[in-house]
Amino acid sequence: MSFASPVTVVHPRIVATDRIIGKRVKNALGEYLGEVHHLMVDMASGSIVFAVLSSGGIMGLGEKLYPVPWQALTEEEDDFLLKMRKETMETAPNFDRGHWPKADDLSWFERVYRFYDYSPPWEIEIK
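Numbers given to residues run from 1 along each chain, matching the order in which its sequence is written. Only residues with pLDDT of at least 70 get local features here, since the model is predicted, and only at 80 or more are side-chain atom pairs given and counted; chain-wide, interface and lining totals rely on the full set of residues. Excluding hydrogens and water, the side-chain figures rest on all heavy atoms present in the structure.

## Here we look at the nonpolar core
What tends to happen in soluble globular proteins is that the nonpolar side chains get buried as a cluster. The following threshold applies: Only buried Ala, Val, Leu, Ile, Met, Phe, Trp, Tyr and Cys residues count toward a nonpolar core, and they belong to the same one when joined by side-chain atoms within 4.5 Å. Categorising residues by exposure relies on relative accessible area from a 1.4 Å probe, with only protein chains included: less than 20% of the type maximum marks a residue as buried, more than 50% marks it as exposed, and the intermediate range marks it as partly exposed. The secondary structure listing takes helices from DSSP runs of H or I that are at least 4 residues long and strands from runs of E that are at least 2 residues long, numbered from the N terminus. Contacts between residues were defined by any pair of non-hydrogen atoms, one from each residue, lying within 4.5 Å.
In this structure, Val25, Val36, Leu53, Val68, Leu82, Met89 and Tyr116 are the most contacted members of the largest nonpolar core, which totals 27 residues. When contributions to this core are tallied by element, the ones reaching two or more residues are strand S2 (32–42), strand S3 (47–55), strand S4 (64–69), strand S6 (79–82) and helix H2 (106–115). Per-element accounting of this core gives the leading share, five residues, to S3. In contact with Val68, not counting residues within four places along its chain, are Val49, Phe50, Ala51, Leu53, Leu73, Leu82, Met89 and Tyr116.

## Quick look at the sheet that holds S2
Quick reminder of the rule: Pairing between two strands requires that DSSP report at least two bridges joining them. All axes here are fitted lines through C-alpha atoms, helices being fitted over the stretch that makes contact, and every angle between N-to-C directions spans 0 to 180 degrees.
The mixed open sheet is built from six strands, whose spatial order is S4-S3-S2-S1-S6-S5. The open sheet has two free edges, formed respectively by S4 and strand S5 (73–76), since each of these has just one partner strand. Strand-to-strand, the axes of this sheet are offset by a mean angle of 40°, without reference to chain direction. Relative to S6, S5 is paired through four bridges, and the arrangement is antiparallel. For Thr74, the partnering residue across the bridge sits in S6 and is Leu81.

## Comments concerning unusual backbone geometry
Of note, Glu77 is a non-glycine position whose phi angle comes to about 50°, a positive value. A relative accessible area of 76% places Glu77 in the exposed class. Even without being a glycine, Asp117 presents a positive backbone phi close to 65°. Along the chain, Asp117 turns up in the segment after H2.

## Notes on the pattern of salt bridges
Pairing between side chains of opposite charge can happen when their charged atoms approach one another. Applicable threshold: What makes a salt bridge here is a side-chain nitrogen of Lys or Arg within 4 Å of a carboxyl oxygen of Asp or Glu, nothing more.
Taken as a whole, this structure holds five salt bridges when the rule is applied. Here Arg97 ties to Glu63 by a salt bridge, and the two come within 2.5 Å at their closest N and O atoms. Taken together, the residues span a long stretch of sequence, with Arg97 in the loop between helix H1 (86–89) and H2 and Glu63 in the loop between S3 and S4 at a distance of 34 residues. By relative accessible area, which is 12% here, Glu63 ends up buried. Here Glu87 and Arg85 are joined by a salt bridge, their closest N and O atoms 3.3 Å apart. Looking at Glu87, the relative accessible area reads 44%, which means it is partly exposed.

## A closer look at H2
As a reminder, the rule being used: By definition, the arc is the one covered by directions from the helix axis to the C-beta atoms.
Listing the buried residues of H2 in full gives Trp108, Phe109, Val112 and Tyr113. Across the axial projection of H2, the buried residues extend over an arc of 140°, all falling on one side. In the core, the buried residues of H2 are packed alongside S2, S3 and S4. Two residues or fewer past H2, Asp117 is found with a positive phi of approximately 65°.

## As for the confidence of the model for the protein chain
Put simply, the rule reads: Scored between 0 and 100, pLDDT is the confidence that the predictor attaches to each residue.
Overall, the predicted model of the protein chain reaches an average pLDDT of 88, with 90% of residues at or above 70. Mean pLDDT values over the elements of the protein chain span from 92, in H1, up to 96, in strand S1 (residues 24–26).

Right, here's the structure in full:
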């Protein structure tokens, strides 16, 4: 008699960041929403928390940066898919290149997660 439970092996998908930075982000209608400009990482866990999308502007002037929860993006061939209407994306929390949110401003980052209808990964539900 064996008491061992079955084990599921999950193979990691390891990718260099330069294969992510610059990828276009579209919605389900194929509308261009922006491109991945930066990745924000939780230094404690090593996990990607946000993909920062750049959109608008000309040659960086007037450009807005939108932090999007990493789990909100789905990779599709050469692009990422974000299930969001373009008009809704334009109302998302954003900042400009010279005014990044403070790393310790968790209330701002929580607002971003709630906008996209996700729970921040640092919130742990205790049952």
